[in-house]
Amino acid sequence: MKTVTLKIILVIAGALLFNIIFWQEKLAINTLLFDAFILLSVFKLYPAAFTKPAMKWLLLAHAVALATLIIHNTLLSKLAFSATLLLVVVFTQFLHRSVWYAAASAAGNYLLFVFSFMEDIRQVKKAGIKSLGIRKMLRFLIIPLLIAAVFFFLYSFSNTVFQDVVNDIGIALEHFFSRFYDWFNWERFGFLLLGLFVTGGLLMKMRSNYFSEKEFGKQNNLLRRKQNFTKWKQSVMFDILSLFMGRFANGALALRNENTIGIISLVMLNILLLFINVLDIIYVWFGFTYTANINLKDYVHEGAGMLIFSIVLAMLVLLFFFRANLNFYKKNKWLRYGAYGWIFQNMILVISVLLRDSYYIQHMGLAYKRIGVLVFLIMVLMGLITVFIKIQQRKTSYYLWRVNGWFAIVLLVAASCIHWDETIARYNLTHKNTIPVDVKFLLTLSDKTIPLVQQNIDVLKGEKLPVQPEGDYEDRSAMPEVFERRKKEFLEAQQKYSWLSWNVSDAYVKKYLSQNLITSSINK
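Residues numbered from 1 in each chain as written. Predicted model: local features only at pLDDT ≥ 70, side-chain atom pairs only at ≥ 80, totals over all residues. Heavy atoms only, no water.

We now examine the packing of helix α16 (residues 368-393) against helix α17 (residues 397-416). Running from amino to carboxyl end, α16 crosses α17 at an angle of 150 degrees, the nearest separation of the two axes being 10 Å. In terms of their interaxial angle, α16 and α17 are classed as roughly antiparallel. In the crossing of α16 with α17, the sense of the turn from one axis to the other is right-handed. Between α16, through Val375, Ile378, Met379, Met382, Gly383, Thr386, Val387, Ile389 and Lys390, and α17, the contact on the second element is made entirely by Ser397, Tyr399, Leu400, Val403, Asn404, Phe407, Ala408 and Leu411. Of the residues contributing to the contact of α16 with α17, the split by class is 12 nonpolar, four polar and one charged. (Axes fitted to C-alpha atoms, helices over the stretch in contact; angles between N-to-C directions. Helix = DSSP H or I, 4+ residues; strand = E, 2+ residues; numbered from the N terminus. Parallel < 35°, antiparallel > 145°, perpendicular 65-115°, else oblique. Left-handed = near helix turned anticlockwise from the far one by under 90°. Contact = heavy atoms within 4.5 Å. Nonpolar A, V, L, I, M, F, W, Y, C, P; charged D, E, K, R; others polar.)

This part covers a nonpolar patch on the surface. Judged by side-chain polarity, Ile142, Ile143, Leu146, Ile147, Val150, Phe151, Phe152, Phe153, Leu154, Tyr155, Phe157 and Phe162 come together as a nonpolar surface patch covering roughly 1,200 Å² of accessible area. Tallying contributions element by element places helix α7 (residues 134-158) first for the nonpolar patch, with 11 residues. You can see Leu146 is positioned in helix α7. According to the relative accessible area criterion, Leu146 is exposed, its value standing at 55%. (Patch = residues over 30% accessible without salt bridge, like charges linked within 9 Å, V, L, I, M, F, W, Y side chains within 5 Å. Areas by Shrake-Rupley, 256 points an atom, 1.4 Å probe, with all protein chains shown as cover. Salt bridge = Lys/Arg side-chain N within 4 Å of Asp/Glu carboxyl O. Buried < 20%, exposed > 50% of the residue type's maximum accessible area, 1.4 Å probe, protein only.)

The next thing to look at is the packing of aromatic side chains. Two aromatic rings are characterised by how far apart their centres lie and by the angle between their planes. Going through the model one piece at a time under the given rule, you end up with 17 aromatic pairs. A centroid spacing of 5.1 Å and a plane angle of 80 degrees characterise the contact between Tyr210 and Phe211, whose relative ring orientation is edge-to-face. Grouped by ring-pair contacts, the aromatic residues Phe18, Phe22, Trp23, Phe34 and Phe191 constitute a single cluster. Positioned above the aromatic ring of Tyr360, the side-chain terminus of Arg370 is 4.1 Å from the ring centre. The ring of Tyr399 carries the charged tip of Lys395 above its face, separated from the ring centre by 5.3 Å. (Phe/Tyr/Trp six-rings, centres within 6.5 Å; stacked < 30°, edge-to-face > 60°. Lys NZ or Arg CZ within 6 Å of the ring centre and 35° of its normal.)

This paragraph deals with the packing of helix α4 (residues 75-93) against helix α5 (residues 99-111). Axis separation between α4 and α5 bottoms out at 9 Å; the angle between their running directions is 90 degrees. Overall, the two elements α4 and α5 adopt an arrangement that is roughly perpendicular. Note on element contacts: α5 touches α4 through Val99, Ala102, Ser105, Ala106, Asn109 and Tyr110, opposite Leu86, Leu87, Val90, Phe91 and Gln93. A class-by-class count of the residues in the contact of α4 with α5 yields eight nonpolar, three polar and no charged.

Shown next, in the form of structure tokens:
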């Protein structure tokens, strides 16, 4: 069977499978079935992909993400699963080294899916029905079907048992077609189209290799290039430098002048950041004492905001000065030292924000944004390390983006291995005597936290208990009723799902609530 025809058949089959296993179901064990179909289809269409070096690591990361989806069933695990599946597919279809270019190719597949699908259908039509062997097959089937029909009627009249079986089959078919129009609706049809789009975007490769070819020209190591002064004077970068440097941006000494300006800039920025870091070391590292007057929310976000601005500025400034031949300038030693100093000081700033966030968690408990700050700090540290490597080993900006892109994928998969809602609830309830528990937030966490809340039901009881040190109060009298309703809704929702929605997290909660219900009935 030709590849084009096979691809069309697989896309349609995938859309039907998507419609059957995901309709009114959760992403759970059904994802394993869809994933197996997609991977088998992809490796059937592109068998040479197994030889690619990155494929083994991608498949390992994807297997971990799939396992976390079935075990934890969190939004993060679903995101990790989707991201790694897309990368596996795109790396089989195109030649890529970077996550960013691969993501661009994936976007191109989905944007051009309709055109690719229609083009493949046109090719099949052009080849003609003969290529499929359908006419030949029909000719061979006519006589056997007629003979089989004659004997079918003879057996049905002569054998009462066979006749009963045939009648039962007829009733079943009649029942099926009578319910077909009840089963079919426009919402389900729209879901089928969604399945066609999802499957088609994964299996249909766009005709253009634009992003793959674009990346092919990128290198990790900087190469010294002879400057074309005529072309350089016509560039936007020359206009920007001329605006600030005037005649010093031109001529044989332009590189030396740029080096001098870079040194002065980094010295000034290092002094400014040194002043901020000294204040943080004195007042945050060693002089912090928590009081009720301190708004920890502003205290952390202020530091994080400053860090974001500082790191973005550091990246842009350093990428500007170390973008080309200045990397090979023999007298750029002090410029490098200034860059290393600024990178080191930004790392100190990271530690300062980390301490702020740890104080926030220690006194107010865990929450999404506080965990998000920690993840951001890890990304920032990696960014600073790669900028240091770029300067020291004369790497390109492409290297910087490529390494940090892969690190983000590794971090995403690693983070999906933790059930963060359960971690938040467990930490806050374990420290309920030392931190104010935000009950409303606690009840918005995922269903996996239900057993933990049940075991600490006392936090839901009582009236007018302080929640925030600033003086906010929350009426908890209705919280036990809200929690009971939450448990009831969970059990009702589970009854609507089939085995396709099974996952470890929901199974654990369902088992716990069932045992708890039996225990309560016995005690009564």
